[in-house]
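Examination of the molecular architecture
If you want the building blocks of each chain, they are given just below.
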Amino acid sequence: MGIGAYGSKSYRGGFRIKHYLFDLPGENGWKRYLLSSVIILVALIAGSVLYAILMMITGLLNGDGIVFDNKSGMFVGVDPTLDLLFMNLMYVVWMFGIWLSIRIVHKRKLKTLITANDRINWKQIFGSFALYFGLMVLLELVYFLIFPEHFVWNEFDLEKFLFLFFVVLVLTPIQTTVEELIFRGFLLQWIGKVINNPIVLAIIMALIFGSLHFFNPEMERSAIWVGLDYVFVGFMLTFLAVKMGSSELSIGAHAANNMFLFWFIGDPQSVGGSVPALITVVNNDPAISLVLDVILFLVFYLIAVKKFKPSAI
């Protein structure tokens, strides 16, 4: 069952549905999108400056020897969970920039980046989160049983883990949602003004999503395999949103993925760094990771599109 645009409406299975790419209220000319891009870019810079300031203040107060490594382009010598906290606070600033551009420039509500319906479908978001999280548990368990030598149980520190737990619980959903608002919201709606083919849209956003993650630390393992992994994830999240007519399922899945990894699977060679997760990966094979993600997303997609349906009008 394909989705196509006919005028401002889209169809699925013979039913006319509201589609968040095509049923846009407000003012959405290309000049307004350019202005919004500038506002969002300023917010991105402001968030990065906030991160640097918080790092420097922490270094001065605690004398922890926090320094900026020019080679890696990252601050070193900081507690990993504190680093994650400051990093996620950037996204709060970015969220404000997105809200400002949509509300003031485009004269519409922030929810229009997620759905064309009157309300956000929180049931879909939480249902998607639970489904994806459960599939990750099963898949990682199988991986652990087949390759136990790839994992090491960390020495459990209740205080450190609780700090990590609440930082991830409160701020990681903001981080993942902001990325969804930018990639599966703002940019996708902009490109959707001229392209309405789900495959083409998903490929374009996958390439953008993958390229912006190219400087992540895990790319050092294998630019090809890790790059393909990011491109595939970007493709599936976008394709799911376009086919469903809203991005609630993508929002839930993205949050589940990051929260699960931060809580349970620490990886020193990743954005999360050496956070005090329950387990640490000591041999993360990028090819195996890609295969696992392909299996995970395909199973998730098949279940999600059958369980959750767009609202017909």
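Going along each chain's sequence as written, the residues are numbered from 1 onward. At least 70 in pLDDT is required for a residue's local features to be given in this predicted model, at least 80 for side-chain atom pairs to be given and counted, and no such filter applies to totals for whole chains, interfaces and linings, which use all residues. No hydrogens and no water enter the side-chain calculation; it runs on all heavy atoms of the structure.

**A short note on the sheet that holds strand S7 (residues 265–266)**
Pairing between the strands of a sheet is mediated by backbone hydrogen bonds and can be parallel or antiparallel. Sheet architecture is open: 3 strands sit in the order S6-S8-S7, paired in mixed fashion. The sheet is open, and its two edges are formed by strand S6 (151–153) and S7, each paired on a single side. What makes two strands pair is DSSP finding at least two bridges between them. Helix numbering and strand numbering both begin at the N terminus, where a helix is a DSSP run of H or I of at least 4 residues and a strand a DSSP run of E of at least 2. With 3 bridges joining them, S6 and strand S8 (residues 279–281) adopt antiparallel strand pairing. Bridging from a neighbouring strand, Trp153 pairs with Ile279 of S8.

**A short note on helix H3 (residues 122–146)**
To estimate the expected span of a helix, subtract one from its residue number and multiply by 1.5 Å. Its 25 residues place the ends of H3 36 Å apart at the C-alpha level, agreeing with the 36 Å of an ideal helix rising 1.5 Å per residue. Taken together, the buried positions of H3 are occupied by Gln124, Ile125, Ser128, Leu131, Tyr132, Phe133, Leu135, Met136, Leu139, Glu140 and Tyr143. The classification of residues rests on relative accessible area computed with a 1.4 Å probe and restricted to protein chains. Under 20% of the type maximum is buried, over 50% is exposed, and intermediate values are partly exposed.

**Some points on the environment of Arg184**
Summarising the element assignment, Arg184 is placed in helix H4 (residues 158–191). In sequence terms Arg184 and Gly234 are 50 residues apart; their C-alpha atoms lie 9.2 Å from each other. If we ignore the near neighbours within four places in the chain, the residues touching Arg184 are Tyr20, Leu113, Glu179, Phe209, Gly234, Leu237, Thr238, Ala241, Ser247 and His254. Within the local environment of Arg184, its side chain forms a polar contact with the side chain of Thr238, the two groups lying 3.3 Å apart. Residue contacts follow a heavy-atom distance rule, with two residues in contact if any of their heavy atoms lie within 4.5 Å. For this analysis, a polar contact is any N or O atom pair within 3.5 Å, provided that within protein one partner can donate a hydrogen and the other can accept it, and provided that sequence-adjacent residues contribute only side-chain to side-chain pairs.

**Topic: helix H6 (residues 223–244)**
Relative to the 32 Å expected for 22 residues at 1.5 Å per residue, H6 spans 31 Å between its end C-alpha atoms, a close match to the ideal helical length. With respect to burial, H6 is a largely interior element, 16 of its 22 residues being buried. The positive-phi residue at the C-terminal boundary of H6 is Gly245, with phi of around 85°.

**Quick look at the confidence of the model for the protein chain**
Caution applies to low-pLDDT regions: their predicted coordinates should not be interpreted in detail. Per-residue confidence for the protein chain gives a mean pLDDT of 85; residues scoring 70 or more make up 84%. Each residue carries a pLDDT value, the predictor's own confidence for that position, ranging from 0 to 100. For residues 1–15, every residue scores under 50 in pLDDT, and the model assigns this stretch 37 contacts once sequence neighbours within four places are set aside.

**Some thoughts on the packing of helix H1 (residues 30–62) against H4**
Packing of H1 against H4 brings their axes to within 11 Å, and their N-to-C directions diverge by 155°. Here H4 runs roughly antiparallel to H1, going by the angle between their axes. You can see that H1 and H4 cross each other, and the crossing is left-handed. Residues Trp30, Tyr33, Leu34, Ser36, Ser37 and Ile40 of H1 touch H4, and the partners they reach there are Phe186, Gln189 and Trp190. All axes here are fitted lines through C-alpha atoms, helices being fitted over the stretch that makes contact, and every angle between N-to-C directions spans 0 to 180 degrees. Here roughly perpendicular refers to angles of 65 to 115 degrees, roughly parallel to angles under 35, roughly antiparallel to angles over 145, and oblique to all remaining angles. Note: crossing handedness is left-handed where the near helix turns anticlockwise from the far helix by less than a right angle, and right-handed where it turns clockwise.

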